[in-house]
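A look at the structure
One-letter residues, chain by chain:
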Amino acid sequence: MTEAAIRKKPGMASVKDMPILQDGPPPGGFPPVRYARRIPNKGPSAMAIFLAAFGAFSYGMYQVGQGNKMRRALKEEKYAARRAILPLLQAEEDERFVKEWKKYLEYEAEVMKDVPGWKVGESVYNSGRWMPPATGELRPDVW
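Residues numbered from 1 in each chain as written. Predicted model: local features only at pLDDT ≥ 70, side-chain atom pairs only at ≥ 80, totals over all residues. Heavy atoms only, no water.

As annotated in an unreviewed UniProt entry, the chain carries the name NADH dehydrogenase [ubiquinone] 1 alpha subcomplex subunit 13 and is attributed to Rubroshorea leprosula. Note on the chain: under the UniProt heading Subcellular location (unreviewed entry), the record states "Mitochondrion inner membrane". (UniProt positions renumbered as here; feature names shortened; annotations may be inferred.)

Below, the discussion takes up the overall build of the chain. A tally of regular secondary structure across the chain gives two helices and zero strands. Evaluated residue by residue, the chain yields a buried proportion of 3% over its 143 residues. Looking at the chain as shown, the accessible area adds up to about 13600 Å², and 61% of this sits on carbon and sulfur atoms. (Helix = DSSP H or I, 4+ residues; strand = E, 2+ residues; numbered from the N terminus. Buried < 20%, exposed > 50% of the residue type's maximum accessible area, 1.4 Å probe, protein only. Areas by Shrake-Rupley, 256 points an atom, 1.4 Å probe, with all protein chains shown as cover.)

Below, the discussion takes up a positive patch on the surface. Side chains of Lys69, Arg71, Arg72, Lys75, Lys78 and Arg82 sit close together on the surface and give a patch of like positive charge. With respect to the secondary-structure elements, lysine 69 resides in helix H2 (residues 46-111). (Patch = residues over 30% accessible without salt bridge, like charges linked within 9 Å, V, L, I, M, F, W, Y side chains within 5 Å. Salt bridge = Lys/Arg side-chain N within 4 Å of Asp/Glu carboxyl O. Lys, Arg positive; Asp, Glu negative; His and termini not counted. Charge placed at Lys NZ, Arg CZ, Asp CG, Glu CD.)

When the charged atoms of two side chains lie near each other, side chains of opposite charge can form a pair. Applying the stated rule across the entire model yields five salt bridges. One salt bridge connects glutamate 93 with arginine 96, and the closest N-O pair in it is separated by 2.8 Å. Of this pair, glutamate 93 and arginine 96 both sit in helix H2, three residues apart, which is roughly one turn of that helix. The partly exposed category is assigned to glutamate 93, whose relative accessible area is 30%. Of the residues examined, arginine 96 reaches a relative accessible area of 24% and is grouped as partly exposed.

As annotated by UniProt and renumbered to match this structure, "transmembrane region" (unreviewed entry) occupies residues 45-62. Helix and strand shares over residues 45-62 are 94% and 0% respectively, and the end C-alpha atoms of the span are 26 Å apart.

With that out of the way, let us pick up the packing of aromatic side chains. This model, assessed by the stated rule, comprises three aromatic pairs. With a centroid separation of 6.4 Å and 20° between ring planes, the pair formed by phenylalanine 50 and phenylalanine 54 is classed as stacked. Remark: phenylalanine 54 and phenylalanine 50 occur in helix H2; sequence separation between them is four residues, near one turn of the helix. In this structure phenylalanine 50 comes out as exposed when scored by relative accessible area, which is 52%. Ring pairs connect the aromatic residues Phe97, Trp101 and Tyr104, which therefore count as one cluster. (Phe/Tyr/Trp six-rings, centres within 6.5 Å; stacked < 30°, edge-to-face > 60°.)

On to the side chain of glutamate 108. Note that glutamate 108 resides in helix H2. In this structure, glutamate 108 is buried with no salt-bridge partner, the nearest side chain bearing the opposite charge being lysine 119 at 12 Å. Once residues lying within four places of it in the same chain are set aside, the contact partners of glutamate 108 are Trp118, Lys119, Val120 and Gly121. (Contact = heavy atoms within 4.5 Å.)

Before going further, it helps to examine a nonpolar patch on the surface. Residues Val115, Trp118, Val120, Val124, Tyr125 and Met131 make up a contiguous nonpolar surface patch of about 570 Å² in total accessible area. Tracing the sequence through the fold places valine 124 in the segment after H2.

Looking now at the environment of glutamate 108. The exposure class of glutamate 108 is buried, given its relative accessible area of 12%. Taking the C-alpha atoms as reference, glutamate 108 lies 7.9 Å from glycine 121; in sequence the two are 13 residues apart.

See below:
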């Protein structure tokens, strides 16, 4: 649809022939512009949000404390069980050590029988204290 048909002026040769049509306000005027700051009061207040966050944090820290107590109790129970069984384990290890030490002394006697003045089982250290064998020395599975 052309401008001429819209303005009901058929046969216009130029745009200059068109009557001036200026935009204006609607009848009765425009509605008033709302420039005042009107923020809707929706949702919880800042204090309510703060108290909820503080409550959640407090509950979480309480749960952490309870977990720490439980973990500490379980750890203490584990250590108490280890302390209770330690003498038995030490006795078994001592028994194994004595058997292996006897085998070791027999082996030493057999190997060093041709060396004059060699005393089987005598320490090669001059400290006067008993020194346990080095780790793995009395372990046949390591030899």
